[in-house]
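Chain by chain, the residues run as shown.
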Amino acid sequence: MSLEKAHINLYAYTTKKIFERNYIKVKQSIQKDSFSSLEAKKLFQRIVSQVNNGHTRIPFPIPEYIAYAQNGGTLFPLEVAIENGKAMVRKNWSEHTDIAVGSELLNINGRPIKKVFEDIYPQISAERLYFRHAQLENMTLPRFYWLVFGKKNSFDVEILANGKRRKYHLKSIRAVEDFEMKRGDILKHNRNLQFLEKASAYLRPGDFGGDLEQYKHFIDSAFVEIKHNNSKNLIIDLRNHSGGDDAFGDYLVSYIADKPFKWASRFQLKTSQQLKENTRRTRDTTQAYWQSILEHEDGEIYDYDFGFYEPQPKEKRFTGNVYMMVNRQSYSQSTVTAAQIQDYGWGTIVGEETGEYPNLYASIYNYPLSKTGVTVDVSKGKIERINGVDKGTGIIPDILIKDHLLDGKDEILEGLLKSMED
């Protein structure tokens, strides 16, 4: 099986027996000879998601979704945030404006919301339920409901608000005009520097991806302004962050670090035929890292040491109080970067537990399945946090503040600023 050969540790969060039992179950559910690309991707994801690794997946079928939306597709009209196992309305796109944000969605078309979620879970790759829920929030219930249940013209729902249950008949909404064009994504990609009260600088570094030199220029300029402003506190916002590459995270950390540092205490790689083909096709094989992949035997797991990253010269560094904000929507490298700051003792982590683990099976690449060409993302590496401790949790903040409803009210930043007064 290609997944077994390609993944660094396919059974880290499941067992071979459970995985194979699920494979047989999915295989036996097949009752026809040919499938659309959407059907094929859904089928394969039901298998791959059993690995329970967020970086190993058949990606959400965006091309098929866009085609559906642009051809008059319709969606379920409520977005939810999932808190303490409850589906709380965070956006209401329906014509029933009396469904209040913060009310609880109890059921859809007679099915308890818990059962609806259980049907959706096989389409989401995640190590645990908390992270699965974060991804359901991020990609949204309307999109996942379409993916799993198909197009529906209307929905009968039950809502709990102020201790009272009420039933509604909701019409579906147009996917483009009534949903995509009106909303903003949970993940934020903007770069931002501003100066707040309490002599505090607020820095949102943006994605850890794209043009590295442009990113470095922004970070350089930001820290020049922060120093010029004589800021005593620096608040770095890694909430609702998509993650990315360690080179970006390390460059940010270099302005805070007071000694050479690493991004992981240990980094392991597994090479394979699939990875080598991907590397030859897409990477600069003159670089030592990519050379190492080609030099090791297929199936070999080995350590790769990136060495130490140097801090910025002392006169350029920020030496005041550092606060780094995270939430359940802090993904991948943003979690690893927060772990660096926490483990080296270079700042205070504020917010809620991250969905992702800081000890992470990641370093993602992809390859096409041989018969269908469907692309599968897979983890080739394992990242271990600086302190080497694996408690099976996300980053646990030093100051715990919940991000309620993931809405416009900023409980985490407001709570942090208030704590500075105490």
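Residues numbered from 1 in each chain as written. Predicted model: local features only at pLDDT ≥ 70, side-chain atom pairs only at ≥ 80, totals over all residues. Heavy atoms only, no water.

Draft legend 1. Spotlight on the overall build of the chain. Within the chain one finds 14 helices and 18 strands. For 422 residues, the compact-globule estimate of 2.2 N^0.38 gives 22 Å, and the C-alpha radius of gyration of the chain, at 23 Å, lies within 12% of that figure. Overall size of the chain, expressed as C-alpha extent along the three principal axes, is 65 × 55 × 35 Å. Of all 422 residues assigned to the chain, the portion counted as buried reaches 54%. When contacts within the chain are restricted to residue pairs at least 6 apart in sequence, long-range pairs at least 24 apart make up 73% of them. Accessible area of the chain: about 19,700 Å², with a carbon and sulfur share of 48%. One way to put it: in the chain the 58 positive side-chain charges average out to a point 5 Å from where the 56 negative ones average out. (Helix = DSSP H or I, 4+ residues; strand = E, 2+ residues; numbered from the N terminus. Rg over C-alpha atoms; globule rule 2.2 N^0.38 Å. Buried < 20%, exposed > 50% of the residue type's maximum accessible area, 1.4 Å probe, protein only. Contact = heavy atoms within 4.5 Å. Areas by Shrake-Rupley, 256 points an atom, 1.4 Å probe, with all protein chains shown as cover. Lys, Arg positive; Asp, Glu negative; His and termini not counted. Charge placed at Lys NZ, Arg CZ, Asp CG, Glu CD.)

Draft legend 2. Representation of the layout of surface pockets. Here the second largest pocket defines a volume of roughly 1,100 Å³. If you go around the second largest pocket, you meet 43 residues; those closest to its centre are Ser 2, Tyr 23, Phe 44, Leu 369 and Ser 370. If you list the elements that add at least two residues to the lining of the second largest pocket, you get helix H1 (2-6), helix H2 (16-28), helix H3 (37-48), helix H11 (273-282) and strand S16 (360-368). Of all the elements, H3 adds the most residues to the lining of the second largest pocket, at seven residues. (1 Å grid on protein atoms, 1.4 Å probe; cavity = no way out; pocket = protein on both sides within 12 Å on 5 of 7 lines; lining within 4 Å. Points joined across faces, edges and corners; volume = space filled by probe spheres on them.)

Draft legend 3. Looking closely at the nonpolar core. Phe 76, Leu 105, Ile 108, Phe 117, Leu 141 and Val 157 are the most contacted members of the largest nonpolar core, which totals 35 residues. The greatest single-element share of this core, amounting to five residues, is contributed by helix H7 (residues 141-149). Setting aside chain neighbours within four positions, we find Phe 117 in contact with Val 80, Ile 82, Ala 87, His 133, Leu 136 and Leu 141. If you look at the next biggest cluster of nonpolar residues, it comprises 33 residues, including Ala 222, Leu 252, Trp 346 and Ile 395. (Core = buried A, V, L, I, M, F, W, Y, C linked by side-chain atoms within 4.5 Å.)

Draft legend 4. Seen up close, the sheet that holds strand S12 (residues 266-270). A sheet is described by the order of its strands in space; here four strands give the open sequence S13-S12-S17-S16, paired in antiparallel fashion. The sheet terminates laterally at strand S13 (301-303) and S16, the two strands that pair on one side only. Averaged over neighbouring strand pairs, the angle between their axes works out to 30° when direction is ignored. By the bridge criterion, eight bridges tie S16 to strand S17 (residues 375-384) in an arrangement that is antiparallel. By the bridge assignment for S17, Pro 368 is matched with Thr 375. (Pairing = 2+ DSSP bridges. Axes fitted to C-alpha atoms, helices over the stretch in contact; angles between N-to-C directions.)

Draft legend 5. Examining the packing of helix H10 (residues 246-253) against helix H13 (residues 333-344) more closely. Remark: H10 packs on H13, axes separated minimally by 10 Å, with the N-to-C direction vectors making an angle of 30°. Between H10 and H13, the angle is such that the two are roughly parallel. Crossing of H10 over H13 shows right-handed handedness. Residues Asp 246, Gly 249, Asp 250 and Val 253 of H10 touch H13, and the partners they reach there are Gln 333, Thr 337, Gln 340 and Ile 341. (Parallel < 35°, antiparallel > 145°, perpendicular 65-115°, else oblique. Left-handed = near helix turned anticlockwise from the far one by under 90°.)

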